Amino acid sequence: MNAGAPRRRSYRAAGALGAVLATVLVTGVPAGIVFADAAGPTNFRSEVVAVSPPTDTITAEIIGGDSFFQLTVTPGTEVLVNGYQQEPYLRFGADGIVEENQRAPTTYLNASRFGGDVPAGADPTLPPDWQPVGTGGRYAWHDHRAHWMSQDPPTTATPGTLIQTSDIAMNVAGAPVAVTVAVTWLPAPSRLPLAVGAAVGGALLILALVTRRRLAWPLLVVALGAVGIGWWQFSSLPPETGPLLVWWLLPAVAAASVLVALVIGARLVSYALVLLAAFELAVWVFVRRDGAFRALIPTDAPFWLDRAVMAATGVVAVVAAIGAAAAMYRLPVGDD
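What you see is a predicted model, and the numbers here were worked out from it, not measured in a lab. (Residues numbered from 1 in each chain as written. Predicted model: local features only at pLDDT ≥ 70, side-chain atom pairs only at ≥ 80, totals over all residues. Heavy atoms only, no water.)

**Comments concerning the sheet that holds strand E2 (residues 58-63)**
Hydrogen bonding along the main chain pairs the strands of a sheet, whether they run parallel or antiparallel.
Next, step 1: What the 3 strands build is an open sheet, ordered E2-E3-E8; its pairing is antiparallel. With one partner strand each, in any of the chains shown, E2 and strand E8 (138-141) form the two edges of the open sheet. Shown here is a sheet whose adjacent strand axes are inclined to one another by a mean of 20°, direction ignored.
Next, step 2: Looking at chain direction, E2 and strand E3 (residues 68-73) are connected through 6 bridges and run antiparallel. Among the inter-strand pairings, Thr-59 is bridged to a residue of E3, identified as Thr-72. (Pairing = 2+ DSSP bridges. Helix = DSSP H or I, 4+ residues; strand = E, 2+ residues; numbered from the N terminus. Axes fitted to C-alpha atoms, helices over the stretch in contact; angles between N-to-C directions.)

This is the structure in structure tokens:
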């Protein structure tokens, strides 16, 4: 027996692992930071509860959990949304063009979920500087009157109770209108979907072992499920809210890696690709981890399905990563 073979196997496995980690950094991290303030899971539900006086020329709703207030205006109607100091903030033209006042302090405060910095040139008393930000008479933005502004729950309330009501003032066709938003602190979600998802992931692994299939097969199944859930979430939100590419791109890369690994067969590069896919899916679960334990997820997909797929993906990714790493080490030297 060649005494240097274990050492060479270790070096080879370490090198492949290093390549995998580098690929994760190149493909995963940038995808996650393209939009730093996209909608995220939350324990607070914001709802439009009244439009006073009632009008059928506007539709107001909360999207992305509680992150964004969205206004849709009927064609031919002009709407002016007031900022926090009653300055002109957003203008919806009769032609559907949406413009934002670059001199309104509200513009900069609404740049992030918990408030942005206001530059010295922003002055609510100056004439508006309108810049187009949308078309089609629809636009969504962070409006701090429409959500709970702290990352911590209120100390004077309990889950399940109303904690805030606020009005968003605007002029619709020249008449003053107030949109009232109520915020409720929601109880924590059930852990049952996580348990079911983890059980499904375990069942896929057991099935692969019983039928003597590679762990790449259950990894492919959960990767495709993650692509579907991620795309569902991505397509649930309009572009101006910054939906994260990482929601569907990471599992898509993982699925492609597994498919190539299955075509190549039991070789070093194949196991490295499986390890890459497992890491990509682990990163995907990590990025979306808050959705497992917070009441609302910014997606149109059923919350139970989202959580179940996330749990199944996490279980399979961990086991597949361990299996691929072990196989890379055991593979005979020279069988690359």
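Read on for the rest.
**Some thoughts on the nonpolar core**
Next, step 1: Counting 51 residues, the largest nonpolar core has Leu-219, Leu-281 and Trp-284 as the members making the most contacts within it.
Next, step 2: Elements represented by at least two residues in this core include exactly helix H4 (192-210), helix H5 (216-235), helix H6 (246-264), helix H7 (268-287) and helix H8 (303-330).
Next, step 3: Those residues in contact with Leu-281 that sit more than four places away from it in its chain are Leu-219, Val-222, Ala-223, Ala-226, Pro-251, Ala-254, Thr-313 and Ala-317.
Next, step 4: Listed in part, the 21 residues of the second largest apolar core include Ala-60, Ile-168, Met-170 and Val-177. (Core = buried A, V, L, I, M, F, W, Y, C linked by side-chain atoms within 4.5 Å. Buried < 20%, exposed > 50% of the residue type's maximum accessible area, 1.4 Å probe, protein only. Contact = heavy atoms within 4.5 Å.)

**Quick word on the pattern of salt bridges**
Next, step 1: This structure, assessed with the given rule, holds 6 salt bridges.
Next, step 2: The partner of Glu-99 in a salt bridge is Arg-91, with the nearest N and O atoms 2.7 Å apart.
Next, step 3: In this structure, the salt-bridge partner of Arg-288 is Asp-306, at a minimum N-O distance of 2.5 Å. Of this pair, Arg-288 sits in the loop between H7 and H8 while Asp-306 sits in helix H8; the two residues are 18 residues apart in sequence, bridging distant segments of the chain. (Salt bridge = Lys/Arg side-chain N within 4 Å of Asp/Glu carboxyl O.)

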